[in-house]
2 protein chains.
Amino acid sequence: MKQVVLKHALTARPSAEDFVLLDVPAPACPEGGVLVRVVHLSLDPYVGSRLRGKHMGEPAPQPGLDPIPGAAVCQVVESRAEWVKPGDWVHAMEVGWREVADLPPGSFRKIDPDVAPLSAHAGVLGMPGLTAWAGMTQLAKVGQGDVVLVDAAAGPVGGTVGQIARIKGASRVIGIAGGPEKCALVTNDYGFDACIDYQQEGWEAALSAVLPQAPTVYFENVSTTMASKALVRLAPYGRMILCGLVDQYHADQPPPGLNAGLIVGKRAHVMGLVVYDFYPRWDDYVAEASAWLADGRLRYREDRVEGLAAAPALFGRLMAGANVGKAVVSVAPEQI
Amino acid sequence: MKQVVLKHALTARPSAEDFVLLDVPAPACPEGGVLVRVVHLSLDPYVGSRLRGKHMGEPAPQPGLDPIPGAAVCQVVESRAEWVKPGDWVHAMEVGWREVADLPPGSFRKIDPDVAPLSAHAGVLGMPGLTAWAGMTQLAKVGQGDVVLVDAAAGPVGGTVGQIARIKGASRVIGIAGGPEKCALVTNDYGFDACIDYQQEGWEAALSAVLPQAPTVYFENVSTTMASKALVRLAPYGRMILCGLVDQYHADQPPPGLNAGLIVGKRAHVMGLVVYDFYPRWDDYVAEASAWLADGRLRYREDRVEGLAAAPALFGRLMAGANVGKAVVSVAPEQI
């Protein structure tokens, strides 16, 4: 089978040239687990830091040996677990950039292929969507009258954050994104009230203009610097959700921290979110969100490529913030 | 009557030499309010920044004219409010360093002189105690099994924080304070499990030794720098309560902020506390805490001086962190 590995240990933000596609022997089905063919592979920003051994204490993959880490939607080929049979669909976080994967017991969940398109389980129903749901419903507890500001609003997390906020009763949802194409996605597809392009001169004044009321909720999953700016704008008693801060993944020096005096003066609640904690709620989320997908209240965009060989280039674009929509590699066709 | 004012506008942390005691005409009883004699005047750290116009947007007192701001326990001399009569006791935040004060309607609360010593309403039952109670019961929601770390533990806020945490079920309560006398107060009088003197060489290792389990709750009301150190130690899902950060009151440059990546990784909840928000709960707090005072579970220490002329020197010691116990000026005797 094909598998993508690192060419060499990384010391900087990865780019497409750091990967190589190899032919390797396919694994065997593990005791109590399943052997799967990988169909829709999710590319996610946290992998960028994990490749350097800088994510949640997880080791970097060994160059030339270990597949690049990645979550995926897969179809079972062989099962040694009683509750799963060949042909079933599963989602697992630790699959890797490869065509066939061995998933040990406890590492995967069965998914229903009929509730939504299968690739949705890599994005809006996958980890990015669960992250957004956890932030809005479990931490910020968004409700009627909230004004929600979302950074990286065109991304699969941020875009879902704003839509879930709206579904839960927020009166106004504003995004920040980089570039006109992303901003158009945020307002046209995701239905935010406005999206400000931080790459434009004068964007901070533009943001003020679309925020006549201060945001009561802020969601950040990229930039500590942007979080600091948002803290200045936050309404009294506002809630600020911080999750994977991509700018810290790649920094050798952490960026300047959050002004503690502002946290006091605003009576802010600043909350850290790690989506792992919400894996036990995944099926609950899928049940709730697939209904929103079905009735059109929740939308998503994919940036999808075909075949493992296309993964490095898409990952390079993801690392550069140049992709639009959820980065998905369709490694194999759904139907065989 | 006597009144203390600023000699001149302040540009640095105040000291005893910045104040002067003047003879001024006594005020008249305001419409709907009361005229009181000031009995126990509370000296509090926030006044240090307020004197420079750097506290919550409140204006600095005018040199030579306005009394130095201060809360106090007072006895009513004349009343134009139906629900208060001469001889009643009241507590008010905006009294000032003077012998007689005019309190407008809505600016004072009646207190029961029989639930506790009157001066307790300036400290453990006053704003410092209410701050501690709000932090532990309304924000951190301390309960069974919590390990609570408290900075400035010898102060009237910190000392009460630890005791309320213990009353509410915390399994371990650790303080940080400056100097052996303060640490002895924290462990001997306030009953903390341990108190570490941050002025001692090797104090961080000593703190580790008394914290075999990471703190689940941290309370800070002085130092952003200490809060940053505590964030490193905080247990996953820990709660950090930040209130009046004295080091920010006096800094021209705010100290370095809190590491946002640590907030994420620990899933910390960092919460700002401003005690004003809890004034509507003051009587509830006094009811609960006076029972704890009566049964000996809640203790306090005062650093009390007699007469307004002694206020500047005590305030200077408070600003230097040199006082031990709640700074109270007994302006007049309780009985006349």
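Residues numbered from 1 in each chain as written. Chains lettered and ligands numbered in written order. Predicted model: local features only at pLDDT ≥ 70, side-chain atom pairs only at ≥ 80, totals over all residues. Heavy atoms only, no water.

What to know about the overall build of chain A
Moving on, step 1. Scanning chain A from N- to C-terminus turns up ten helices and 15 strands.
Moving on, step 2. Its C-alpha atoms give chain A a radius of gyration of 20 Å, within 12% of the compact-globule value 20 Å for 336 residues.
Moving on, step 3. Overall, chain A is about 60 × 45 × 35 Å in size when its C-alpha atoms are taken along their principal axes.
Moving on, step 4. Burial status across chain A gives 58% buried among its 336 residues.
Moving on, step 5. Within chain A, residue pairs in contact and separated by at least 24 positions form 68% of the contacts whose partners lie at least 6 positions apart.
Moving on, step 6. With the model as given, the accessible surface of chain A reaches about 12,900 Å², and the carbon-plus-sulfur share is 54%.
Moving on, step 7. The distance from the centre of the 29 positive side-chain charges to the centre of the 35 negative ones in chain A is 5 Å. (Helix = DSSP H or I, 4+ residues; strand = E, 2+ residues; numbered from the N terminus. Rg over C-alpha atoms; globule rule 2.2 N^0.38 Å. Buried < 20%, exposed > 50% of the residue type's maximum accessible area, 1.4 Å probe, protein only. Contact = heavy atoms within 4.5 Å. Areas by Shrake-Rupley, 256 points an atom, 1.4 Å probe, with all protein chains shown as cover. Lys, Arg positive; Asp, Glu negative; His and termini not counted. Charge placed at Lys NZ, Arg CZ, Asp CG, Glu CD.)

Concerning the interface of chain B and chain A
Moving on, step 1. Each partner contributes residues to the interface: chain B has 28 residues there, and chain A has 28 residues.
Moving on, step 2. Approximately 2,000 Å² of surface area, both sides summed, lies buried where chain B meets chain A, with 61% of it carried by carbon and sulfur atoms.
Moving on, step 3. Inspection of the region where chain B meets chain A yields two salt bridges.
Moving on, step 4. Linking Arg267(A) and Asp277(B) is a salt bridge whose minimum nitrogen-to-oxygen distance equals 2.8 Å.
Moving on, step 5. Inspection of the chain B/chain A interface yields eight residue pairs in polar contact (both at pLDDT 80 or more).
Moving on, step 6. Of all the elements in the fold, those that place two or more residues in the side of chain B that touches chain A are helix H8 (260-265) and strand S13 (269-272) of chain B.
Moving on, step 7. It is H8(B) that contributes the most residues to the side of chain B that touches chain A, five residues altogether. (Buried area = accessible area lost by both parts, 1.4 Å probe. Salt bridge = Lys/Arg side-chain N within 4 Å of Asp/Glu carboxyl O. Polar contact = N/O pair within 3.5 Å; in protein donor to acceptor, adjacent residues only side chain to side chain.)

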